[in-house]
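Given next are the chains, with one letter for each unit.
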Amino acid sequence: MADYTTFLATYKVKDLIPKDFKLITASADDSAPDVLKLLIDKKILSVPIANPAAKGNEDKYLGLVDMADVLQFVCFISVMKDIIEAVLTKEIDWNEYMKEEIKVFSEIQVKEIVKDNKNHNPWCPVWSGSPVHSLFDIFSKEVNVHRVPVTNDDGAVIGFISQSRAIQWLYGKMDSLDKLGIENYKVKDTTKGKEAPKVFSVKETDKTLDAFGILLENKILGAPVVDGDGKVIGALSVSDLKRVGYKQLFKDVMLPLKEFLAKTKSPGAAVGVITCTENTSLKEVLIRLAENKIHRIFVVDAENKPIRVMSLCDLVSGLNGGANTHVV
């Protein structure tokens, strides 16, 4: 898009940090269950892990733990049928469950999780004074980056910018984007010359645990929910876990997916699933992402069957005039 990079260069990364931002952290020495419980209690998607042995800002954080790690934990525990049965019948609380039923896991420190997920959740800080296009370059070029730490002149983290926040910011600049011709760019332009990633879908009749297992197995954070004919009727995301209380977590993942989604639907959520076609303009994609407060949109064919998934990475890449094939 003509002058798109020039437009982004007029703003600084710090302009995107929410005014009400409050840094929530966990320590590398904390137990994995406690950190995962923190994510659910605070209803946040990720938390930076502080390094107790840090000598300065450069090594102050080891990385991020996010809802995908919660998912991995849930799937690991839930396959243990006898333990699940004990939870269901005894109705024990989280602390008792963690301390008495799975002592081995409770002894794992969260730094072990961070060590194992460097590729899944890379730590890619950006200086607060950098132009906004530096931030968008990270989102569009770095695989699996869904939130970026923002640092000050001393290297200290002063905020985080998620893909969702970036989408809302772009949406707020629609007048400027209109002048740059965003209406003329289509979804199909974002994959020119490249094959789009395979779409992994889940069925509405699946058990919720099995559906989340598909996300985990394929290293994705969301997928379309389809009916018996393969048509899109909904969406499943790891962020759905943050709307489940920790005491209900292991019960709810045993529900049929259709029931789970109805139970975890956020207030004010759009009615029906949000989709687009290859001929939808990038402007309309941005509007749908922003106004429905979603992280991804499903591209469907004439029969409403999913053919690929489009995220902020693809949107930004399309505006830059390039093709992106990230899995989201």
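Above this note sits the structure.
Report follows, based on the coordinates. (Residues numbered from 1 in each chain as written. Predicted model: local features only at pLDDT ≥ 70, side-chain atom pairs only at ≥ 80, totals over all residues. Heavy atoms only, no water.)

## Description of the overall build of the chain
Item 1. Looking only at helices and strands, the chain has 15 helices and twelve strands in total.
Item 2. When the 328 residues of the chain are sorted by exposure, 48% land in the buried category.
Item 3. Excluding contacts between residues fewer than 6 apart, the proportion of contacts in the chain whose partners are at least 24 apart in sequence is 65%.
Item 4. With the model as given, the accessible surface of the chain reaches about 15600 Å², and the carbon-plus-sulfur share is 49%. (Helix = DSSP H or I, 4+ residues; strand = E, 2+ residues; numbered from the N terminus. Buried < 20%, exposed > 50% of the residue type's maximum accessible area, 1.4 Å probe, protein only. Contact = heavy atoms within 4.5 Å. Areas by Shrake-Rupley, 256 points an atom, 1.4 Å probe, with all protein chains shown as cover.)

## Structural notes on the packing of helix 9 (residues 163–172) against helix 14 (residues 282–291)
Item 1. Helix 14 packs onto helix 9 with a crossing angle of 120 degrees between their chain directions and a minimal axis gap of 9 Å. As the angle between them shows, helix 9 and helix 14 are arranged oblique. Crossing hand, helix 9 versus helix 14: left-handed. Contact residues: Ile167, Gln168, Leu170 and Tyr171 in helix 9; Leu286, Ile287, Leu289, Ala290 and Glu291 in helix 14.
Item 2. Of the residues contributing to the contact of helix 9 with helix 14, the split by class is seven nonpolar, one polar and one charged. (Axes fitted to C-alpha atoms, helices over the stretch in contact; angles between N-to-C directions. Parallel < 35°, antiparallel > 145°, perpendicular 65-115°, else oblique. Left-handed = near helix turned anticlockwise from the far one by under 90°. Nonpolar A, V, L, I, M, F, W, Y, C, P; charged D, E, K, R; others polar.)

## A short note on the packing of aromatic side chains
The geometry of an aromatic ring pair is captured by the separation of the ring centres together with the interplanar angle, meaning the angle of the planes.
Item 1. Evaluation of the coordinates by the stated rule reveals seven aromatic pairs.
Item 2. Ring centres of tyrosine 11 and tryptophan 169 lie 5.2 Å apart, and the angle between their planes is 80 degrees; this geometry places the pair in the edge-to-face category. Here the residue tyrosine 11 occupies a position in the loop between helix 1 (4–9) and strand 1 (26–27), and tryptophan 169 occupies one in helix 9, the gap between them amounting to 158 residues.
Item 3. Since its relative accessible area comes to 7%, tryptophan 169 is described here as buried.
Item 4. On the numbers, 5.9 Å between centres and 75 degrees between planes, the contact of tryptophan 123 with phenylalanine 160 is edge-to-face. Taken together, the positions of tryptophan 123 in the loop between helix 7 (110–116) and strand 4 (126–127) and phenylalanine 160 in strand 6 (residues 157–162) put the pair 37 residues apart, joining distant regions of the chain.
Item 5. Phenylalanine 160 gets classed as buried once you look at its relative accessible area, which sits at 14%. (Phe/Tyr/Trp six-rings, centres within 6.5 Å; stacked < 30°, edge-to-face > 60°.)

## With respect to the sheet that holds strand 5 (residues 147–151)
Item 1. If you walk across this open sheet you meet the three strands as 4-5-6, and the pairing is mixed. Two strands close off the open sheet at either side, each with one partner strand: strand 4 and strand 6.
Item 2. Sheet strands touched by helix 8 (residues 132–141): strand 4, strand 5 and strand 6. Its angle to strand 5, the strand with the most contacts, is close to 145 degrees. (Pairing = 2+ DSSP bridges.)

## Let's talk about the pattern of salt bridges
Item 1. Counted by the stated rule, this structure contains seven salt bridges.
Item 2. Between lysine 263 and aspartate 252 there is a salt bridge, and its shortest N-O distance comes to 2.9 Å. With lysine 263 in helix 13 (residues 257–264) and aspartate 252 in helix 12 (residues 249–252), this residue pair connects regions lying eleven residues apart in the sequence.
Item 3. Judged by its relative accessible area of 5%, aspartate 252 falls in the buried class.
Item 4. Lysine 305 serves as the salt-bridge partner of glutamate 303, at 3.4 Å between the closest nitrogen and oxygen.
Item 5. On the basis of relative accessible area, glutamate 303 is assigned to the partly exposed category, the value being 46%.
Item 6. The exposure class of lysine 305 is partly exposed, given its relative accessible area of 29%. (Salt bridge = Lys/Arg side-chain N within 4 Å of Asp/Glu carboxyl O.)

## Quick word on the pairing of strand 6
Item 1. Note that strand 5 and strand 6 share five bridges and pair antiparallel. Of the residues in strand 6, the one forming a bridge with proline 149 is phenylalanine 160.
Item 2. Where strand 5 hands over to strand 6, the hairpin turn is made up of five residues, of which glycine 155 adopts a positive phi near 85 degrees.

## Some remarks on the sheet that holds strand 7 (residues 202–203)
Item 1. The mixed open sheet is built from three strands, whose spatial order is 7-8-9. What marks the edges here is a single partner per strand, and that holds for strand 7 and strand 9 (232–237).
Item 2. Where strand 7 meets strand 8 (residues 222–226), two bridges bridge the pair, whose relative direction is parallel. Bridge pairing in strand 8 links valine 202 to valine 225.
Item 3. Here helix 13 sits on the sheet in contact with strand 7, strand 8 and strand 9, set at roughly 70 degrees to strand 9.

## Observations concerning the side chain of glutamine 163
Item 1. Tracing the backbone shows glutamine 163 in helix 9.
Item 2. For glutamine 163, a relative accessible area of 5% gives the class buried.

## Some words on unusual backbone geometry
Item 1. One non-glycine residue, lysine 219, lies in the positive phi region at around 55 degrees.
Item 2. Relative to the helices and strands, lysine 219 is located in the loop between helix 11 (208–217) and strand 8.
Item 3. Although it is not a glycine, lysine 293 adopts a positive phi angle of roughly 50 degrees.
Item 4. For lysine 293, the location among the structural elements is in the loop between helix 14 and strand 11 (296–300).

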